[in-house]
Amino acid sequence: DSVINVSGGAVTYTEAMVNPSVLVGADGRRYTLNNAPKDMRYTRIGGQGGGKYDRWGPVVQYTASRARREAGYVEGQSAGKVKIYAPTTVLDGKLVSQTIIGERQTSGQDALASRGSLQIGAPASGGAFGSSSFANAVVQDLIIAAGRSGLDANFWGSPLNSALPAQGRIAAEILNASGFGSIEMVANGGIVQEEGADLKLGDKTRLLIGATGEAGITLGGNISTTGGSVTIQTPANRESGGRGLSI
């Protein structure tokens, strides 16, 4: 399978001995650069002696500062973005957007890595989707398919001279396994979620499905994301769903 991978990766910091910079305040106390009060007057840098003179002037003296052992850790990096703007979009390969969350990020010491985003169609063209100034999603029609398929050998024999299917497509399982934190799919025509093409997205995923055409949006499967948000939008609220479906 072809793969588009915008995973964030990680940076690994090894264990090391750290000598923090120290300032000596006018009150005689020692402060690190992490906790030094901004309104304090500082008389010298810690580790540098003072007050001793010889015939040529002050003698600079240094004393060793106390080092501490800093444990190594892994810092996850933010994932990237995938934007696909084409009238007919056929995505049969894999989309990957994973993030790593290190221990310091989990505990709140460091900022969390941002999850990646996927756009199929332009959700902001001249204005936000659904607004009066919205111009063109680029994508015409899109199917969220219940299963994966592929273009046949005849197509790949001469891809530049072969015709794509009349409607674009992406399988639900590709979206479910991708790891994106934001998924936006918008079309000038219609969007159809096939029966059984359930979207089981990761926690706190933001999903937008929007269509401006007369065909509107047809939902044939369930949509779930714990703690996330789901927006199904057409200009005239042209949405339909089958029985027993849930969002």
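Further up the page is the structure itself.
Keep in mind the model is a prediction, meaning the values are calculated, not measured.

**Comments concerning the sheet that holds strand S5 (residues 30-32)**
Turning to step 1, where the next piece is worked out: Read across the sheet, three strands follow the order S5-S4-S6 without closing on themselves; strand pairing throughout is antiparallel. Edge strands, defined here as strands with exactly one partner in the open sheet, are S5 and strand S6 (42-45). Here the average twist between neighbouring strands, direction ignored, is 35°.
Turning to step 2, where the next piece is worked out: Judged from the three bridges that link them, strand S4 (residues 22-25) and S6 form a sheet pairing that is antiparallel. The partner of Gly25 across the bridge, within S6, is Tyr42.

**With respect to the packing of aromatic side chains**
Turning to step 1, where the next piece is worked out: All told, the structure shown has four aromatic pairs when counted by the stated rule.
Turning to step 2, where the next piece is worked out: Centroid distance Tyr13 to Tyr73: 4.8 Å. Interplanar angle 25°. Geometry classified as stacked. Separated by 60 residues along the polypeptide, Tyr13 in strand S2 (residues 10-13) and Tyr73 in strand S12 (residues 73-76) bring together distant segments of the chain.
Turning to step 3, where the next piece is worked out: Residue classification places Tyr13 among the partly exposed residues on the basis of a relative accessible area of 35%.
Turning to step 4, where the next piece is worked out: Look at Tyr73 and you get partly exposed, because its relative accessible area is 22%.
Turning to step 5, where the next piece is worked out: Measuring from centroid to centroid gives 5.1 Å for Phe155 and Trp156, while their planes differ by 90°, and the two rings are edge-to-face.

Rules used throughout
By convention here, each chain's residues receive numbers from 1 onward along its written sequence. Selection of residues for local features in this predicted model requires a pLDDT of at least 70, selection of side-chain atom pairs for listing and counting requires 80 or more, and totals for whole chains, interfaces and linings are taken over all residues. As a rule here, side-chain values come from all non-hydrogen atoms in the structure, and water together with hydrogens is ignored. Here, a strand pair is defined by DSSP locating no fewer than two bridges between the strands. The helix count covers DSSP runs of H or I at least four residues long, the strand count covers runs of E at least two residues long, and both are numbered beginning at the N terminus. Fitted lines through C-alpha atoms serve as axes, helices being fitted only where they are in contact, and the angles separating the N-to-C directions of these axes extend from 0 to 180 degrees. Pairing of aromatic rings covers Phe, Tyr and the six-membered ring of Trp, with a centre-to-centre limit of 6.5 Å; geometry is then stacked below 30 degrees between planes, edge-to-face above 60, and tilted otherwise. Burial here depends on accessible area, computed with a 1.4 Å probe over protein chains only, as a share of the maximum for the residue type. Under 20% is buried, over 50% is exposed, and the range in between is partly exposed.

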